[in-house]
Structures are given as structure tokens and as C-alpha cells.
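Summary of the model geometry
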Amino acid sequence: MPSGHKSSPLAGLRPRGIWGLSVSLTLLLIILTGIQLQTGYRRTIQTASANLADTARVTEEQVRGSLRVVRLMLRAIAEAPRDDTNALRRFMATRTRIVPEIRQAFIVNADGIVTIATLPQVEGRDTSERSFFRNARELPPARDLFVSEPLPIGQNNSLVIMVSMPLSGPDGQFDGIVAVSLELGYFQTLLQSVHSGEEGAGALLVTPEGDIIDRDPEPELYVGKNIAKGGAFSMHRKAGGTANTFVHVTATDGKEKVSAVRSLSEPALPPLVVIVGRPLDGVLAPWRAEALTMAAVVGTLVIAILGLTALLNRHLVALRASEERYRGLIETQNDLVVRLTPDDRLVFVNEAFARSHGLDAAQAVGRSWRTFVHEEDQPATAQALATALSPPAFRATVECRMTMTCGLRWVSWEGAAIRDMSGNIVEIQAAGRDITEWVEHRDRQAELLRNLDKSNRELEQFAYVASHDLREPLRMISSYLGLLGRRYTALLDEDGRQFMEFARDGAKRMDQMVLDLLEFSRVGRLRDGLGTVSLGEAASIAILNLALPIKESGGTVTVAPDLPEITGARGEMIRLMQNLIGNAVKYRQPGRPLTVTVSAERNHDGWTLTVADNGIGIPPDGFERIFDIFQRLHSRADYEGTGIGLAVCRKIVEHHGGRIWVESVPGEGSRFRFTLPGGQA
Ligand code: ADP
């Protein structure tokens, strides 16, 4: 492609490039969405974990508070004087009433025997092997409280928790324990208050050994179970520290959960473990909804991007194909194609233009068109360009000469304005064809026509002068023949008289022919001026002139009323009608009443007139010949005449821009038809 050609903005894009771009865009979108979703997932779990950690902390504090109440109570009992057993029992009963969930309180001596109890029937029992006794005896130095796993007591084996505190003797040695049995309900209300109530959520209180002290909801299913080996509890143990959060599978119901685990961190109290958890499903529900919406949006976007890409691609392929075709067309054709700015600079020239000027396309681009157009033709070219830039047509044609490598050539240009997308004219595109040969041919023809016209005029002049001048000697021959006849007829024998007659007849015929020739040469020359001629009137005058022969023939001549008016020579039109009607009368069929009609009909650019008769008709081989000068189909003996009439008719019709012909069936009649351009009915 020649340089300087401005491509469309899409031309740089390749279909594969577009697909690459849109697939990359789609992938990027998907990856970003993935990252976003993952971040959202993590953040959702983090938030849930943080919330659960808070809940666990609050729960732990509440458990701690509850234990403190029990501890204070135990301490008060431990510090009460033990000498009056009844008073102590009453005191214990009063104290334990503060916490309704306390079933009983009792004091055990160093050997494990219950010495005083709020329920007297347990006094004397041996608890030395019970965990609450043994563990209370072996508590680390700073701790003074032990909480047991749920233990079945009484006849109905209902579960209680034993909370025990070691007693020390006067010199600090182990002196038994004071303990209370607590109903599980003690922690139940507390656990109930901390979890959300959401399906699958729950709160647990567990001993340091992994025995579930309490759970909400559904404590009956879990209490007493040991979870030391599974789930959040063991993870918490492994992780160390007092507070942890996990996403895990629970040891109790095998479901995925987010849990916060917290150990009681008060040194005096047993390190019970609080676990609060929510099902992962519930935690992720809002995120899942968001992810679904996002996936739907991204999915729609991806489909839209790919759909648009396919569409764009199809357009691009079509555009490129059409550009290729257009370029191929412009480049390969022999016509010259240029594009130029409204300020006269060429911005594109095709191969043919560059080649014909012996240039590279790049060398021509940027120059003014004036560089290439002949000086004399520049004003016309500039005018054509201005027309191409103006309404309404926005196109123009011009013929100009251009200096090419092969010499000065005539080029016919056709140019049109080109607009940009917003409708502003940006360039003019013009296609030019070398018409040098045609122009030369046209000039030659014009020259020939001029010459022909001249020689025609000379010929007519000659015919006129010759026929005019010939009549003089003819007249002399005729008059001397007359003289000879008058004076010397008596001297001549029969043959001599006949020869004289032939000579006189020849001279007469020649005179008639010369007269006819004179009339023929006059057609179109001695015009009585062009004007509006009513053909109806012309026909009437002709009929009037022919009144005698028509009357003699006994025939009828009918003229249609709608004969038109045309622009022409009146005398010639009368002559035309007279010759045709006269012939119809002359060449009538003997024994058949003659009818002649003159009519007219409209044709695409004027009128067709018809003079029809029912005479002897004309054989087809005479259709052309009868219009030639002095051409006849009959001898003079049969029909008078010189054969000039129809030649005059043809000359008149042709001088008026029409043509004449005959249609005939021999023996039936003839229709002489001629056309005349323009005119009105
Ligand atoms: P002319 O009548 O003097 O012979 P024209 O040029 O008028 O010369 O006619 C040429 C010939 O055409 C005639 O000799 C005749 O044979 C033939 N012709 C012309 N008009 C008619 C017609 N209406 N019917 C039959 N033949 C015709």
C-alpha cells in the first residue's frame, strides 16, 4: 500500500489479537474474582472467629464469676468453727441456699470420711477414693478449688458436679475437704445466654481433662462425654495458651465448625475450658450469597465480553475483507484514484497514478494537485473541487490535461466528498480515467462533421447553381426545338417528326428533373424560418393544393383532429404532407375507392405521424429504395413522375430531427410513417 494512506482505527487489530485480549481480560476478571472471594472467605471466618473469641471470653468470665461464688461459699464454710457440728451444719445449709443449684454441702476429714453434711444421711460415708477428694488433696500450691466431671448420684443417678476445696490443719497440713454438689443447671443458664441460638451453634464447659460439664443446647446428649481426644479441645491443648480459635470438625457431632476455646486463667480456680462454636455453614452463609451474586455478575460479564468479542471479531473480519477488496480494487485498477484534503494536498494516490507520473506513491503524497494538472485546466479543476465540497451534490466531474511520463493526457475525473463519522468533510476522493484517445476521436469526429457539413453545403450550392444555370441552355434547346418544329415540320418525314418529338420530350423531362433537383436542394436551405407549425393545418393546405386530383380520383382523405403542433419549417411541412397524400392519390388501386388517413400518435420523445392509403402497395425490396433520389418503381408510361418526391420527404423529416419509413402489403396499401421530435398535441 502506498505510504500516506490513512488506515481505519480498527485496521491495526488482528482477530487473534482481539481474542487474546478478551480471553486475558476474562481470565484476569476470574482471577481477581477468585482472590476477592478468597479474601472474603478468610475475612468472614476471621470476623466470626473474633466474635466467637469475644463470646468465649465473656463466657469464661461468667464461669469464673460463678465459680468464685462457690469458692467464697466453700471458703466461708472452711473457715467456720467446726466444734459445734449442729451450728456448722445449719451455717452450711444457710450458705448453700444462696445458690439454689447446690444439692448439698459436706465436710470430709483427712481420711476421706464425711463428717458433717447438709444431708445428714451421707455423714460417715467414705469418699477417700472419689476424685473430688483425691484431686482436692493434690491441688497445686496456689489453687484451692477442684471441679469434678459430672457424676451420677442418688437413686436416680442424676448428674451433679462436685466442687471441692482442701482444708488445712493448724500447722498447714491437709485436713480434709469441704465440698458441694452442684446441679448441672448451674452453668446451663449461663451457657444459654452466650450463644446465638443459630442451628448447630453451641457453648461447652469442659473440665481440664476433657469431660463435658455442660453444654447448651441439648446438654443431655453431651454431658459426661470426654472430648480430650478430638475437636477443638485437643487442638486447644496442642496450640497451648489460654485462648484459641479453630475451624475444625467437632468431636461431638462431626460437623464443621468455627470455635473459640478459652481456658480459665485464674490461678486459684481449676483451668476449666469454655468452647463456643458456630457451624461453618452458618458462618459462611452471607459470604456464600455474596459469592453467588458475584459469580452471577462475573459470569454475565464473561459471557458479555466473549459475546462482544465474537461480534467485534465478525465485524472486524468483514471489515478487513472489505478493506482488502477495496484496496485490491483501488490498487490493481488502471484508473487513477486519489484522495486529497480540502486544502488541495494529496493524501493518497494509487499505484496507477504514481506509475503514470513516474513517481513512488510516497513522492506524490503531500503535493498539491496543481503540480499534476495542466495550467490551462487548473481553474476548471479548482471549480470542480469546490463543487464537490458544496451542497447539494457534494460531487463533481471535470476533464483536464495532466502531464504524465507518456506526455500530455486527457483525464476525466469524478470526485466526491468523504465525511468522517461526525459528518464533517475530511477529504475528496476522485477517480480519473484516461480519455485521451476518446477526446482525440471526438475532436476528429467534430472535424469530420465540420468538413462534411462544409462539403454538403458546397454540394447543395453546386446543385442549386447547376440546376438554376442548367435551365438557361435547356430553355434555349426547348425554344429552338419549338422553332424547328414550327418552321420545318413540313420538311421532315414521319421519322424526323418523331425524333423531334423525342427531343422535345427529353428536354421537357430534363427541365422537370432540374426543377425537382432545385426543389430538393432547397430543402433546409431556403427556410422560411423555424416556428410553431400545426401539422393539422399543413395537412389541410396540402389537401387544398391537391383538390383537383383528389376530386378526380373520387377518394376521401381524412385527417385526424389531434394532429400536433411542432417546431419546424411551415412550408416544408406542407410539402411533406402534399408529397405523401399526392402519392397516395397517384398510386391508388384502380377499381377500389381510395381512402387516405392522416393520423398521429405520441412516442417517447415526440410524435409518429402516419399517412395510410389503400392503394397498390409497395413490394418489400422497394421499402428503402423509394426514398432515394430519382428512384421509382414504375415506368413513366404507367405513372407520371421523376422519383424525387419521397427523397424530398426524407430530407425534410431528417432536417427536423426525425426519420421516415414505409410499411406496406403490396396490393392492399401503404403506410408512410415519420417521426418528429418534441411538439404538443
Ligand atoms: P414519383 O412519384 O415521382 O415516382 P416518388 O419519390 O414520390 O416519385 O415515389 C417513388 C416511388 O415510390 C414511386 O415511383 C412509386 O413507385 C412508389 N410510391 C410512392 N408512394 C406510393 C404509394 N402511396 N403507393 C404505392 N407506391 C408508392
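Just so we're clear, the structure is a prediction, and the values are computed from it rather than from any experiment. (Residues numbered from 1 in each chain as written. Predicted model: local features only at pLDDT ≥ 70, side-chain atom pairs only at ≥ 80, totals over all residues. Heavy atoms only, no water.)

1. Overview of the overall build of the protein chain
Scanning the protein chain for helices and strands turns up 16 helices and 23 strands. Taken over C-alpha atoms, the radius of gyration comes to 67 Å for the protein chain, far larger than the 26 Å a tight globule of 681 residues would show. Evaluated residue by residue, the protein chain yields a buried proportion of 42% over its 681 residues. Excluding contacts between residues fewer than 6 apart, the proportion of contacts in the protein chain whose partners are at least 24 apart in sequence is 57%. Accessible area for the protein chain stands at about 36,600 Å²; split by element, carbon and sulfur atoms hold 56% of it. Of the side-chain charges in the protein chain, 76 are positive and 80 negative, and the distance between the mean point of each set is 1 Å. (Helix = DSSP H or I, 4+ residues; strand = E, 2+ residues; numbered from the N terminus. Rg over C-alpha atoms; globule rule 2.2 N^0.38 Å. Buried < 20%, exposed > 50% of the residue type's maximum accessible area, 1.4 Å probe, protein only. Contact = heavy atoms within 4.5 Å. Areas by Shrake-Rupley, 256 points an atom, 1.4 Å probe, with all protein chains shown as cover. Lys, Arg positive; Asp, Glu negative; His and termini not counted. Charge placed at Lys NZ, Arg CZ, Asp CG, Glu CD.)

2. A few points about the pattern of salt bridges
According to the stated counting rule, one finds 36 salt bridges in the structure shown. In this structure, Arg 75 engages Asp 144 in a salt bridge whose closest nitrogen and oxygen atoms are separated by 2.5 Å. Taken together, the residues Arg 75 in helix 1 (residues 15-79) and Asp 144 in the loop between helix 3 (131-137) and strand 3 (146-147) connect sequence positions 69 residues apart. Arg 288 is the partner of Asp 281 in a salt bridge, and the nearest nitrogen-oxygen pair spans 3.6 Å. (Salt bridge = Lys/Arg side-chain N within 4 Å of Asp/Glu carboxyl O.)

3. Some details on the layout of surface pockets
Each pocket or cavity is described by its volume, and for the largest pocket that value is around 1,000 Å³. Surrounding the largest pocket, 41 residues form its lining, Asn 583, Lys 586, Glu 640, Gly 641 and Thr 642 being those nearest its centre. Examining the composition of the lining of the largest pocket, we find that 9 residues originate from one element, helix 15 (residues 570-586), more than from any other. Here the residues of the lining of the largest pocket are counted per class, giving 14 nonpolar, 14 polar and 13 charged. (1 Å grid on protein atoms, 1.4 Å probe; cavity = no way out; pocket = protein on both sides within 12 Å on 5 of 7 lines; lining within 4 Å. Points joined across faces, edges and corners; volume = space filled by probe spheres on them. Nonpolar A, V, L, I, M, F, W, Y, C, P; charged D, E, K, R; others polar.)

4. Overview of the UniProt feature "domain: PAS" (unreviewed entry) in the protein chain
UniProt's entry tags residues 322-392 with the feature "domain: PAS" (unreviewed entry), counted in the numbering of this structure. Between the end C-alpha atoms of residues 322-392 there is a gap of 28 Å, over a span that is 45% helix and 13% strand. (UniProt positions renumbered as here; feature names shortened; annotations may be inferred.)

5. Observations concerning the sheet that holds strand 20 (residues 595-603)
The mixed open sheet is built from 5 strands, whose spatial order is 18-20-21-23-22. With one partner strand each, in any of the chains shown, strand 18 (556-559) and strand 22 (660-665) form the two edges of the open sheet. Adjacent strand axes in the sheet meet at a mean angle of 20°, parallel and antiparallel pairs treated alike. As paired elements, strand 18 and strand 20 share 4 bridges and run parallel to each other. Residue Val 557 lies in a different strand from strand 20, and its bridge partner there is Val 596. (Pairing = 2+ DSSP bridges. Axes fitted to C-alpha atoms, helices over the stretch in contact; angles between N-to-C directions.)

6. Structural notes on a nonpolar patch on the surface
On the surface, Trp 19, Val 23, Leu 27, Leu 28, Ile 30, Ile 31, Leu 32, Ile 35 and Leu 306 cluster together to form a nonpolar patch covering roughly 790 Å² of accessible area. For Trp 19, the location among the structural elements is in helix 1. (Patch = residues over 30% accessible without salt bridge, like charges linked within 9 Å, V, L, I, M, F, W, Y side chains within 5 Å.)

7. Overview of empty space enclosed by the protein
In this structure the tally under the stated criterion is 2 cavities of 30 Å³ or more. If you add up the space inside the largest cavity, you get close to 220 Å³. Lining the largest cavity are 20 residues, and of these Leu 340, Thr 381, Leu 385, Trp 413 and Ala 430 lie nearest its centre. At the level of secondary structure, the elements contributing two or more residues to the lining of the largest cavity comprise strand 12 (336-340), helix 10 (378-388), strand 14 (395-404), strand 15 (407-419) and strand 16 (425-434). Class assignment for the residues of the lining of the largest cavity results in 16 nonpolar, 3 polar and 1 charged.

8. Some thoughts on the domain arrangement of the protein chain
Domains assigned within the protein chain are domain 1 (12-332), domain 2 (336-432) and domain 3 (528-677). For domain 1 versus domain 3, the separation of C-alpha centres amounts to 128 Å. (Domains from an automatic or database assignment.)

9. Here we look at the packing of helix 12 (residues 494-522) against helix 16 (residues 645-655)
Interaxial distance between helix 12 and helix 16 falls to 9 Å at its minimum, and their mutual angle equals 10°. Comparing the axis directions of helix 12 and helix 16 gives the class roughly parallel. Residues Glu 519, Phe 520 and Ser 521 of helix 12 pack against Ala 647, Val 648 and Lys 651 of helix 16. Residues of the contact of helix 12 with helix 16, tallied by class, amount to 3 nonpolar, 1 polar and 2 charged. (Parallel < 35°, antiparallel > 145°, perpendicular 65-115°, else oblique.)

10. Digging into the site of the ligand
Not every one of the 21 residues close to the ligand is listed here, only the nearest: Lys 586, Tyr 587, Arg 632, His 634 and Leu 646. A distance of 2.8 Å is found between an oxygen atom of the ligand and a side-chain nitrogen or oxygen belonging to Lys 586. Interatomic distance of 2.9 Å between a side-chain N/O atom of Asp 613 and a nitrogen atom of the ligand. Expressed as a share of its isolated accessible area of 530 Å², the protein-covered part of the ligand is 98%. Put simply, the ligand lies in the largest pocket. Within the residue set of the shell around the ligand, elements represented by two or more residues are helix 15, helix 16 and strand 23 (669-677). Sorting elements by how many residues they give to the shell around the ligand places helix 15 first, with 3 residues. Residues that form the shell around the ligand fall into these classes: 9 nonpolar, 9 polar and 3 charged. (Near = heavy atom within 4 Å. Polar contact = N/O pair within 3.5 Å; in protein donor to acceptor, adjacent residues only side chain to side chain. Sits in = over half its atoms within 2 Å of the grid points.)

11. Regarding the environment of Leu 272
Residue placement: Leu 272 occurs in the loop between strand 10 (256-263) and strand 11 (273-279). The buried category is assigned to Leu 272, whose relative accessible area is 0%. Residues Leu 272 and Ile 629, spaced 357 residues apart in sequence, show a C-alpha to C-alpha distance of 145 Å.

12. A word on the state of the cysteines
A full pass over the atoms with the stated rule returns 0 disulfides. No disulfide involves Cys 400; its nearest neighbouring cysteine sulfur is the one of Cys 406, lying 14 Å away. (Disulfide = S-S within 2.5 Å.)

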